[in-house]
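Structural description and commentary
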Amino acid sequence: MQTDGPSQIIQIDHTADPKNLNMAGSGNQGQGGGLALIWKNEGGVEIKGSCNHYIDFEVMGDFNDMLFGFEKVGGRPHPRYLLEGFNNTIMECGLEDLGFNGSAFTWEKSRGTEAWIQERLDRVYVPKVRRFRFKNLWIRETECINVVKNSWNRNEEGCIFEKIEYYCLKLEEWGGGKLKELKVKIKNCRGVLRKLRSRRDGYGVRRYNEVRWEFLKLLEQQEVYWKQRAKQFWLQEGDQNTRFFHKFASGRKKTNQICRLKDKHGEWKSNEVDIQEIIIDYFSELFTSLSNAGELSSGERVQNVTEEQNWQLLEPISNEEVKCATFSMHPEKSPGYDGLNPAFYQAYWSIVEKDVVGFCQNFFNTRELQEEVNRTVVCLIPKVKQPQQMSDLRPISLCSVLSRILSKVMINRLKVRLPTLISANKSAFVEGRLLTDNALIAFEVNHYIKRRSQGINGVAGLKIDVSKAYDR
């Protein structure tokens, strides 16, 4: 090792014996590499935390590049391909900017002259904190069901939320490096197939077929992972669509990033704290009631529920109803706060059925809902390609799967009776009625107004921009 090198270096995937190195980190396990931080003796290094998968670190300094065009004032505009390249690099590395205080520029030239240029080149990046997410490719692993059984049944009398918390911890420990192992296995299989392809002897042909079968199973697991990331439910597995899913997932991640927003005064804000304040202020004002809701007209009043319908709605919740609600969800729908998606409950229903059914029955019997059920992740999805203000974003709530199961159990009981309870002029949220019917009616009315050319009394149409679908 050279003595005139940098004072600190990061080495990834080392396979050397760490006992003879002046470093801190985790050693290699089996054929997999470890993670090491190496430094000079005169340098002071403080390890804040470490495990087999990471060492806490910061990346800071002059990157000599920018993320956005507005980070440069004066001179020629920064080339777009450089902006996109730096953005893609930061995104692929899983880093996030810590933000800054004070001036938005860290470098300048020719101050006070017509050629004055200011740029933001210095930054501090840290690894993004990743929440636990259940990966559907784990279902293809034969070991996964043992992890589920051992962790879920560890405490038979425990609360379902305690089981979920413990299970997620154990599953993260077991499956945290599975994706990396999958990539290594695929690479190794490709190498073996390349060597065996020209073999004509019986053992070579038999071995080639075995490795090829294993290789196809690994590719299928990889495709399942990227299909889950891409959220493309219309395209089925089995057609080797991994490249398509990968590109779409990367595009979604880039599109859904909110890097800056305009506040209510029209000023751009790129600091994370400022963006949070813009979001909170917007929704606080939006969901504040301005007046009491008006009285329903006689034609809008809800019909009374008959005694027989009421008894049917109050019948005890059966196991079959809960199972039907669970399996009616798409397995790759987004997970909730706990990181579990419908695929987990569907794949391991025989293990979790007792607790899930008991949770639903307890809610309907006691009318009490645990606080953990209401934990929700609110995501902002862009309506346009480059959102500038909060009105260009739509919020969606990622509720827990348990909360969705409760809702679907009630929906399944109500939906067969809703047509008799909701008036015929309501065109949404009832099976057999479509919200697009309103658009068709509006189109026909507008067509009638445009074609009308006779008569003394005029006809007018009123277009209203409604930001919410109900009274504030």
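Residues numbered from 1 in each chain as written. Predicted model: local features only at pLDDT ≥ 70, side-chain atom pairs only at ≥ 80, totals over all residues. Heavy atoms only, no water.

1. Some details on the pattern of salt bridges
To be explicit about the condition: Note on definitions: salt bridges are taken to be side-chain nitrogens of Lys or Arg within 4 Å of carboxyl oxygens of Asp or Glu. Secondary structure elements are defined from DSSP: runs of H or I of at least 4 residues count as helices, runs of E of at least 2 residues count as strands, and each element is numbered from the N terminus. Partly exposed residues are those whose accessible area sits between 20% and 50% of the maximum for their type, while under 20% is buried and over 50% is exposed, using a 1.4 Å probe and protein chains only.
Inspection of the entire model under this criterion finds 13 salt bridges. Here Glu 71 and Arg 123 are joined by a salt bridge, their closest N and O atoms 2.3 Å apart. Taken together, the residues Glu 71 in the loop between strand 4 (59-62) and strand 5 (72-73) and Arg 123 in strand 9 (residues 122-127) connect sequence positions 52 residues apart. We classify Arg 123 as buried; its relative accessible area is 3%.

2. Concerning the packing of aromatic side chains
Short version of the rule: Aromatic rings from Phe, Tyr and Trp, taking only the six-membered ring of Trp, are treated as a pair when their centres fall within 6.5 Å; an angle between ring planes under 30 degrees marks them as stacked, one over 60 as edge-to-face, and anything in between as tilted. Geometrically, a lysine NZ or arginine CZ counts as sitting over a ring once it is within 6 Å of the ring centre and also within 35 degrees of the ring normal.
All told, the structure shown has 16 aromatic pairs when counted by the stated rule. Each ring, one from Phe 134 and one from Phe 344, has its centre 5.5 Å from the other, and the planes form 65°; the classification is edge-to-face. You can see Phe 134 sitting in the loop between strand 9 and helix 2 (144-152) and its partner Phe 344 sitting in helix 10 (residues 342-347), a full 210 residues away along the chain. Taking relative accessible area as the criterion, Phe 134 reaches 1% and is therefore assigned buried. Judged by centre distance (6.3 Å) and plane angle (70°), the rings of Trp 138 and Trp 174 are edge-to-face. Pair noted here: Trp 138 is in the loop between strand 9 and helix 2 and Trp 174 is in helix 3 (residues 160-175), with a separation of 36 residues, a long-range link. Like Trp 174, Trp 138 is buried. Within the aromatic cluster, the residues linked to one another by ring pairs are Phe 132, Phe 134, Trp 138, Trp 152, Tyr 167, Trp 174, Phe 344, Tyr 345 and Tyr 348. The ring of Tyr 166 carries Arg 154 above its face, with NZ or CZ at 4.1 Å from the centroid.

3. Details of helix 9 (residues 319-327)
Quick note on the threshold: Starting at the helix axis, one direction is taken to each C-beta atom, and the arc is that of these directions. We call two residues in contact when some of their heavy atoms are within 4.5 Å.
Restricting attention to buried positions, one finds in helix 9 the residues Val 322, Ala 325 and Thr 326. Looking straight down helix 9, one finds that the buried residues subtend no more than 100° of arc, so they occupy a single side. Against helix 10, helix 11 (349-366) and helix 12 (401-414) lie the buried residues of helix 9.

4. What to know about the packing of helix 9 against helix 11
Formally: For helices, the axis comes from a line fit to the C-alpha atoms of the stretch in contact; other axes are also lines fit to C-alpha atoms, and the angle between any two N-to-C directions lies between 0 and 180 degrees. In these notes the angle categories are as follows: under 35 degrees is roughly parallel, over 145 is roughly antiparallel, 65 to 115 is roughly perpendicular, and the rest is oblique. Should the near helix be turned counterclockwise from the far one by less than a right angle, the crossing is left-handed, whereas a clockwise turn marks it as right-handed. Under the convention adopted here, Pro, Cys and the residues Ala, Val, Leu, Ile, Met, Phe, Trp and Tyr are nonpolar, Asp, Glu, Lys and Arg are charged, and Gly plus all remaining residues are polar.
Closest axis-to-axis distance for the helix 9/helix 11 pair is 10 Å, and the angle between their directions is 110°. As judged from the angle between their axes, helix 9 and helix 11 are roughly perpendicular. Like other packed secondary-structure pairs, helix 9 and helix 11 cross with a definite hand, here right-handed. Residues Asn 319, Val 322, Lys 323, Thr 326 and Phe 327 of helix 9 form the contact with helix 11, whose own contacting residues are Trp 349, Glu 353, Val 356, Val 357, Cys 360 and Gln 361. Broken down by class, the residue content of the contact of helix 9 with helix 11 amounts to six nonpolar, three polar and two charged.

5. Quick look at the environment of Glu 114
Residue placement: Glu 114 occurs in the loop between strand 7 (107-109) and strand 8 (117-119). In this structure Glu 114 comes out as exposed when scored by relative accessible area, which is 87%. Note: C-alpha distance between Glu 114 and Gly 74 (40 residues apart in sequence) is 8.5 Å.

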